[in-house]
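Listed below, chain by chain, are the residues.
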Amino acid sequence: MSVIRLGYVHIRVSDLDGTAEHYRNTLGMDTVAEESGRLYLKSWDEHDHHSVVLEEGGVGLVKLGYKVENSADLDLYEERATRFGARIQRMSKGDNVGACDGLRITLPSDHTLELYSDVEYLGNATGNWNPDPWPREGLRGIGVPRLDHTLITTEECLLNPNRNPDLSREEIEQHLKDYLGVSKVLWLGAGLVDDETS
């Protein structure tokens, strides 16, 4: 039983065109699918269908998708999530673009996690046999190779004056990156209901 990696981050944005411009031309990601008000993107060294979903309408995290080792893991996580008191729902192929059967878990905080064991494979830009270290042409912006690590934290907790009064948001992010090895920090406004940590 194993969660292999973060598979995708699905976020809402207030300006889909402007945000897409940033992800495509600053980060260098490619659009692999489009729906009305929604874009699916991946980086050049990612094999799976997508790693980022941008959705028009508001601002914030919609859900996170995690790839698990095999389909039997879904049964185990379903049982554990049920015991924990989370709401669960089975997903079928086609519920999410590119993803196969899976499990949607809504945590008591109302955050949504999706677990899946299989996803449509698109391959990367360099191939697998004796590949170049990066694509020879077609890179834009900084050419992010992949979505690798994401830390999700809350402003309510880490930016609370009684928690880190001498550190700015940027300094806290740098500490998290240095100590935890993450490359991206996502900030949510509020924490969990009845959270006693702030």
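Residues numbered from 1 in each chain as written. Predicted model: local features only at pLDDT ≥ 70, side-chain atom pairs only at ≥ 80, totals over all residues. Heavy atoms only, no water.

**Describing the nonpolar core**
Counting 15 residues, the largest nonpolar core has Ile 11, Tyr 23, Met 29, Leu 41, Val 52 and Leu 54 as its most contacted members. Among the elements of the structure, β1 (3-13), α1 (16-26), β3 (38-42) and β4 (52-56) are those that each provide at least two residues to this core. Top element by residues in this core is β1. It accounts for four residues. With near-sequence residues (within four places) excluded, Leu 54 lies in contact with Ile 11, Val 13, Leu 16, Thr 19, Ala 20, Tyr 23, Gly 37, Arg 38, Leu 39 and Leu 41. (Core = buried A, V, L, I, M, F, W, Y, C linked by side-chain atoms within 4.5 Å. Buried < 20%, exposed > 50% of the residue type's maximum accessible area, 1.4 Å probe, protein only. Helix = DSSP H or I, 4+ residues; strand = E, 2+ residues; numbered from the N terminus. Contact = heavy atoms within 4.5 Å.)

**Considering the pattern of salt bridges**
Evaluation of the coordinates by the stated rule reveals eleven salt bridges. Where Asp 48 meets Arg 5, a salt bridge forms, and the shortest distance between an N and an O atom there is 2.6 Å. Separated by 43 residues along the polypeptide, Asp 48 in the loop between β3 and β4 and Arg 5 in strand β1 bring together distant segments of the chain. Relative accessible area serves as the criterion here: at 11%, Asp 48 is assigned to the buried category. Residue Arg 5 is classed as partly exposed on the basis of its relative accessible area of 37%. With a shortest N-O distance of 2.7 Å, Arg 90 and Glu 78 are connected by a salt bridge. Of this pair, Arg 90 sits in strand β6 (residues 87-91) while Glu 78 sits in helix α2 (residues 71-84), placing them twelve residues apart in sequence. Where salt bridges share partners, they join Arg 12, Glu 35, Arg 38 and Glu 55 into one cluster. (Salt bridge = Lys/Arg side-chain N within 4 Å of Asp/Glu carboxyl O.)

**Structural notes on the side chain of Asn 124**
Relative to the assigned elements, Asn 124 resides in the loop between β8 (112-116) and β9 (150-154). Looking at Asn 124, the relative accessible area reads 19%, which means it is buried. At 3.4 Å, the side chain of Asn 124 forms a polar contact with the side chain of His 47. (Polar contact = N/O pair within 3.5 Å; in protein donor to acceptor, adjacent residues only side chain to side chain.)

**Here's the deal with the pairing of β1**
Sheet topology note: the β1/strand β5 (residues 60-68) ladder contains eight bridges and is antiparallel. Across the sheet, Val 9 pairs through a bridge with Leu 64, a residue of β5. (Pairing = 2+ DSSP bridges.)

**Focus on the sheet that holds β4**
Across the sheet, eight strands lie side by side as β2-β3-β4-β1-β5-β8-β7-β6; this open sheet has mixed pairing. At either end of the open sheet lies a strand with only one pairing partner, and these are β2 (30-35) and β6. Here the strands of the sheet are splayed against their neighbours by 20 degrees on average, with no regard to which way each runs. Of the strands in this sheet, β1, β2, β3 and β4 touch α1, which is tilted by about 160 degrees from β4. (Axes fitted to C-alpha atoms, helices over the stretch in contact; angles between N-to-C directions.)

**Regarding the confidence of the model for the protein**
Mean pLDDT over the protein works out to 83, with 88% of the residues at or above the 70 mark. Across residues 192-198, confidence stays below pLDDT 50; counting only partners more than four residues off in sequence or on other chains, it has eight contacts. (pLDDT = per-residue confidence, 0-100.)

**Section: α1**
Residues Leu 16, Thr 19, Ala 20 and Tyr 23 constitute the buried set of α1. On an axial view of α1, the arc spanned by its buried residues comes to 100 degrees, and they lie on one face. Lining the buried residues of α1 we find β1, β3 and β4. Taken from the residues just after α1, Gly 28 is the one with a positive phi, measuring 85 degrees. (Arc of directions from axis to C-beta.)

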